[in-house]
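# An overview of the molecular structure
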Amino acid sequence: MESQQKFKVLFLCTANSARSLMAEAIFRHFADDRFEVTSAGTDPTQPQPEALQALSSMGVNADELYSKGLTNIDIADFDYVISLCDRARTECQALCGENQFIAWDFADPVSSKKPDAFKKIAHELSERIKMFLLILRKRSDRPKLFAAPHEFFKVLSDPLRLQMILMLHKHGELCVCQFVDATAMSQPKVSRHLAQLREYGLLTARKDQRWVYYRINPALPDWMVAVIAETAEYHPQQTSQSIKDVDNGCV
């Protein structure tokens, strides 16, 4: 029997004392044996006690966490390298292949004066990591967007799917009825394409009362985000449609 592919994930920040360390523990908490995860810092210090406390309050094991440097880590061994601060992004992106580097933007709880800063970041990391794991788990039977660039362009080769992606880039978040109104396409057709984009990992969704709202997946690699942004800039006509307010007749 063919062995199951393991995904190796590395979280990076400067000190490896809070964000990346929490991300390592949270990822391990939600992941199964198909995944390997670690974290490191470009200038490691020591774990922040508040970070460990925030993890413990969530029921996440923090007993074996320690700050690590990049000295004994080969970035090329990892399928995904995720930076959690601007300095790590600047220093490490050049060492990674374009397809495996992802930059996540989370505020530094160490510099925050809010008493719940560490718990807030731990919660936000938890939500982002659960979504990322969902995408990775689907890779075994879905096209590999993150590892095969041609699949990304194949998905966006459909005019309606491209238009909806560009609309989301402009407006941030839209529901099915807003797409239907703006594109003049049938609701079943719009829903089918949105489901495909979500299955491919390009979109995330949330439900609010009667409506499901879609947005571009914040875990997309930088190069995908750049392609979408530049396409939107050079083709503004794709997003020139007016968007109906959900509270004014959208059902």
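Located above this text is the structure these notes cover.
### Section: the packing of aromatic side chains
Taken as a whole, this structure holds ten aromatic pairs when the rule is applied. Note on Phe-152 and Trp-223: the rings are 5.2 Å apart at their centroids and 75 degrees apart in plane angle, and the pair reads as edge-to-face. Of the two residues, Phe-152 sits in helix α5 (residues 149–155) while Trp-223 sits in helix α9 (residues 222–234), which places them 71 residues apart along the sequence. Note on Trp-223: relative accessible area 14%, which makes it buried. Among the aromatic side chains, those forming a connected cluster through ring pairs are Phe-7, Phe-11, Phe-27, Phe-35, Tyr-80, Trp-104, Phe-106 and Phe-132.

### With respect to the side chain of Arg-19
Inspection of the secondary structure puts Arg-19 in helix α1 (residues 19–30). In this structure the side chain of Arg-19 is engaged in a polar contact, spanning 2.8 Å, whose partner is the backbone oxygen of Phe-106. When sequence neighbours within four positions are dropped, the list of residues in contact with Arg-19 reads Leu-84, Cys-85, Phe-106, Ala-107, Asp-108, Pro-109, Ile-121 and Leu-125.

### Remarks on the packing of helix α6 (residues 159–171) against helix α7 (residues 176–183)
The N-to-C vectors of α6 and α7 enclose an angle of 115 degrees; their axes lie 11 Å apart at closest approach. Relative to α7, the crossing made by α6 is right-handed. Together, Leu-160, Gln-163, Met-164, Met-167 and Leu-168 of α6 and Phe-179, Ala-182 and Thr-183 of α7 make up the contact between the two elements.

### Describing the environment of Val-110
Summarising the element assignment, Val-110 is placed in the loop between β4 (101–103) and α4 (117–137). A relative accessible area of 38% places Val-110 in the partly exposed class. The sequence separation of Val-110 and Gln-48 amounts to 62 residues, and the corresponding C-alpha distance is 8.0 Å. Beyond its immediate sequence surroundings of up to four residues, Val-110 is in contact with Ala-18, Gln-48 and Phe-118.

### Details of the sheet that holds strand β2 (residues 35–41)
Remark on secondary structure: sheet strands pair via backbone hydrogen bonds, oriented parallel or antiparallel. The strand order across the open sheet formed by four strands is β2-β1-β3-β4, and the pairing between neighbours is parallel. Across the chains shown, the open sheet's two edge strands, defined by having one partner strand only, are β2 and β4. Within the sheet, the average angular offset between the axes of one strand and its neighbour, ignoring direction, is 20 degrees. Bridging between strand β3 (residues 80–83) and β4 involves three bridges; their strand directions are parallel. If you follow Ser-83 over to β4, its bridge partner there is Ala-103.

### A closer look at the nonpolar core
Membership of the largest hydrophobic core comes to 46 residues, with the highest contact counts inside it found for Phe-11, Met-22, Phe-27, Trp-104, Leu-125, Ile-129 and Phe-132. When contributions to this core are tallied by element, the ones reaching two or more residues are β1 (7–13), α1, β2, α2 (49–57), β3, α3 (86–92), β4 and α4. With eight residues, α4 is the single largest residue contributor to this core. Apart from residues lying up to four places away in sequence, Ile-129 is in contact with Phe-11, Ala-23, Ile-26, Phe-27 and Trp-104. Among the nonpolar cores identified, the runner-up in size contains 25 residues, and Val-176, Phe-179, Ala-182 and Leu-202 belong to it.

### Some words on the pairing of strand β7 (residues 211–216)
Two faces make up the sheet, and in a regular strand the side chains alternate between them. As paired elements, strand β5 (residues 174–175) and β7 share two bridges and run antiparallel to each other. Across the sheet, Leu-174 pairs through a bridge with Tyr-214, a residue of β7. Here strand β6 (residues 203–208) pairs with β7 via six bridges, running antiparallel. Paired with Lys-207 across the strands is Val-212, a residue of β7.

How each quantity is defined
- Residues numbered from 1 in each chain as written.
- Predicted model: local features only at pLDDT ≥ 70, side-chain atom pairs only at ≥ 80, totals over all residues.
- Heavy atoms only, no water.
- Phe/Tyr/Trp six-rings, centres within 6.5 Å; stacked < 30°, edge-to-face > 60°.
- Helix = DSSP H or I, 4+ residues; strand = E, 2+ residues; numbered from the N terminus.
- Buried < 20%, exposed > 50% of the residue type's maximum accessible area, 1.4 Å probe, protein only.
- Polar contact = N/O pair within 3.5 Å; in protein donor to acceptor, adjacent residues only side chain to side chain.
- Contact = heavy atoms within 4.5 Å.
- Axes fitted to C-alpha atoms, helices over the stretch in contact; angles between N-to-C directions.
- Left-handed = near helix turned anticlockwise from the far one by under 90°.
- Pairing = 2+ DSSP bridges.
- Core = buried A, V, L, I, M, F, W, Y, C linked by side-chain atoms within 4.5 Å.

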